[in-house]
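# Remarks on the overall topology
Now for the letters of each chain:
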Amino acid sequence: MTARKPLFGLSTLSTLSAFAGALCAAPLGTWAQNTPPTERWQAGVVLDAASTSRGLALGARDQGVGLGHSDVLLRGAFNEHLSGEAILGFHTADRQLEHHLENAWVQTRSLPQGLQVRAGRFASQIGYLNELHPHTDDFTERPLLYRGFLGGHWYDDGLRMNWTAPTPFYLRLGAEVFGGKKLVPQATPESGHRVTTLNLKVGNDLGRNSSWQWGLSQLNNQRVSPLPEHEEAGHSHGHAHSHAARFTGQKMQVSDWVWKWAPQGNNRNQQVRVNWEYAQVSRIHPLLDPALKHTASSVGAVWRFHPAWEVGVRTDWARVKQAEVHHDHGHDEVEVKQGRLKENAIMLAYKPSHKQTLRLQLTQQSARNGDADPAVFGNPAKRSIQLQYVVAFGAHGAHAY
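Residues numbered from 1 in each chain as written. Predicted model: local features only at pLDDT ≥ 70, side-chain atom pairs only at ≥ 80, totals over all residues. Heavy atoms only, no water.

### A short note on the overall build of the chain
Per the secondary structure count, the chain includes two helices and 17 strands. Across the chain, the fraction of contacts at a sequence separation of at least 24, relative to all contacts at a separation of at least 6, is 62%. With an accessible surface of roughly 20500 Å², the chain has 57% of that area assigned to carbon and sulfur atoms. (Helix = DSSP H or I, 4+ residues; strand = E, 2+ residues; numbered from the N terminus. Contact = heavy atoms within 4.5 Å. Areas by Shrake-Rupley, 256 points an atom, 1.4 Å probe, with all protein chains shown as cover.)

And the structure:
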């Protein structure tokens, strides 16, 4: 096997960084005239460059040097009633530079009774991580449940309504309606054409040192993905690079829990973050037994032991069913294969500022595929090393609990 040449050299990355810095340093001209400082339009750029020794199963990063989830951002207020945001994302896949419109939404600012409405293209609130920008993550890749069930970072075209309750603790209820083509691009003719979500977030402080948040989400998917046809061993064409979900179903439930600790609530010098998530996808196809399910779970912990240093560990697994159609002597038969993928990661991150992260991560994978031929997870990475550098210019980031 011939070695793959890096897509970007150090000189190219330096040029991109310099260009992004110049772009964000430039004035926004008349957009900011006669506007209060807190409402001026802001621009930002995030670059995520990484070198990966071996690509991960269900992973989004290629082997070698390339760009991860990077973006150009523009956000601000139109007036006292509406605000908006647009994000153009770009990354490398198969040594090619790809781009996509990730965000383009308008949101209310002045509805009464804690109500808020958003319309356009945006990331769903399902789970804990999905609505956050990937460059704020603690690890180089998102957990398996996001990569397998939501395409890593699921954004779509739709409408959202949130209600934040006037309680002494944090309580938010949300509902979303999406077209669903970003989650399931190809659907059977007889299926519906809509994906909806319901979610609950509740949290509070525990004294002065710690706080917690718990979330519960449900996704209802009317879009049924066609079953793939069986390919003989040795004749597989592989899976094309896609941001869609790899394993889908009509219903998905996600429960997430986060706990954070910092002395006197000041996380600048020291902090511990613990995150757990569990997902279950049921009714995975109308032609299959309704009792069949996909399940996945993730547990991670990160310790900031110095203002500029963090160390973290994460373990997660996914159990899935994969169905294929066999054509045998004039009639079709559906075969279901089972696969289990486990992933462990440990990382060390250096953060000289809130806009820069240099991360070294070691990831190990193992798979069990039963009698599947070809295997559901045929080529897991027994060991992969990632060196990642994330830098932001101008307005950047996303809210994070």
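### Observations regarding the environment of Leu58
With respect to the secondary-structure elements, Leu58 resides in the loop between strand E1 (42-52) and strand E2 (64-67). Leu58 gets classed as buried once you look at its relative accessible area, which sits at 16%. Separated by 188 residues in the primary sequence, Leu58 and Arg246 have C-alpha atoms spaced 8.3 Å apart. For Leu58, the residues in contact, after removing those within four places along its chain, are Leu144, Arg147, Gly148, Arg246, Phe247, Leu341 and Phe377. (Buried < 20%, exposed > 50% of the residue type's maximum accessible area, 1.4 Å probe, protein only.)

### So, the environment of Arg147
Its place among the elements puts Arg147 in helix H2 (residues 144-149). Classification of Arg147 by relative accessible area gives buried; the value is 6%. Filtering out sequence-adjacent residues up to four positions away, Arg147 remains in contact with Leu56, Ala57, Leu58, Gly59, Glu141, Arg142, Gly152, Arg314, Glu343 and Gln365. A polar contact of 3.2 Å, which involves the side chain of Arg147, links it to the backbone oxygen of Leu58. Reaching out from Arg147, the side chain makes a polar contact with the side chain of Glu343 at a distance of 2.9 Å. (Polar contact = N/O pair within 3.5 Å; in protein donor to acceptor, adjacent residues only side chain to side chain.)

### Focus on the side chain of Gln365
Counting through the fold element by element, Gln365 comes out in strand E16 (residues 356-368). A distance of 3.0 Å separates a polar atom in the side chain of Gln365 from the backbone nitrogen of Ala57. Excluding anything up to four places from it in sequence, Gln365 contacts Leu56, Ala57, Arg147, Leu341, Lys342, Glu343, Pro380, Ala381 and Lys382.

### Some thoughts on the pattern of salt bridges
Under the counting rule described, the total for this entry stands at 15 salt bridges. Two residues, Glu343 and Arg147, come together in a salt bridge whose shortest N-O distance is 2.9 Å. With a gap of 196 residues between them, Glu343 in strand E15 (residues 331-353) and Arg147 in helix H2 connect regions that are remote in the sequence. The pair formed by Glu343 and Arg147 is uniform in burial state, with each residue classed as buried. The closest approach of N and O atoms between Asp316 and Arg314, which form a salt bridge, is 3.7 Å. (Salt bridge = Lys/Arg side-chain N within 4 Å of Asp/Glu carboxyl O.)

### Some remarks on the pairing of strand E11 (residues 251-261)
When strand E10 (residues 210-221) meets E11, the two strands line up antiparallel, connected through 11 bridges. Within E11, the residue paired with Gln218 across the bridge is Gln253. Here 11 bridges tie E11 to strand E12 (residues 271-282), and the two strands are oriented antiparallel to one another. From the neighbouring strand, Lys260 faces E12, where its bridge partner is Arg273. (Pairing = 2+ DSSP bridges.)

### Examining the nonpolar core
Ranked by size, the top nonpolar core spans 38 residues in total, and within it Phe149, Leu150, Trp154, Leu183, Leu219 and Met252 carry the most contacts. Of all the secondary structure elements, the ones that give two or more residues to this core are H2, E11, E12 and strand E14 (309-328). In contact with Phe149, other than residues within four places in its own chain, are Leu144, Leu183, Ala245, Phe247, Met252, Ala279, Val281, His294, Thr295, Ala296 and Val320. Core analysis: the second largest hydrophobic core is formed by seven residues, Leu47, Leu67, Phe90 and Phe393 among them. (Core = buried A, V, L, I, M, F, W, Y, C linked by side-chain atoms within 4.5 Å.)

### Examining the pairing of strand E3 (residues 70-77)
With five bridges joining them, E1 and E3 adopt antiparallel strand pairing. Looking across to E3, one finds that Val45 is bridged to Val72. As paired strands, E3 and strand E4 (residues 82-93) are joined by eight bridges and run antiparallel to one another. Along E4, the bridge assignment pairs Asp71 with Gly89. A loop of four residues connects E3 with E4, the two strands running antiparallel in sequence.

### Considering the confidence of the model for the chain
Looking at the chain as a whole, the pLDDT averages 86, with 84% of positions reaching at least 70. In this model, residues 1-35 is a region of pLDDT below 50 whose contacts with residues beyond four sequence positions or in other chains number 37 contacts. Contacts from residues 233-240, a stretch scored under 50 in pLDDT, to residues over four places away or in other chains number four contacts. (pLDDT = per-residue confidence, 0-100.)

### Brief notes about the environment of Arg304
Mapped onto the fold, Arg304 is located in strand E13 (residues 293-306). Sequence-wise, Arg304 and Tyr350 are 46 residues apart; in three dimensions their C-alpha atoms are separated by 10.0 Å. When neighbours within four sequence positions are excluded, Arg304 is seen to be in contact with Asn267, Arg268, Asn269, Gln270, Gln271, Arg273, Trp309 and Glu310. A distance of 2.9 Å separates polar atoms of two side chains, one belonging to Arg304 and the other to Glu310.

### Description of the side chain of Thr52
In this structure, Thr52 sits in strand E1. On the accessibility criterion, Thr52 (6% relative accessible area) is buried. Not counting the four nearest positions on each side in its chain, Thr52 is found in contact with Arg61, Asp62, Gln63, Gly64, Ser384, Ile385 and Gln386.

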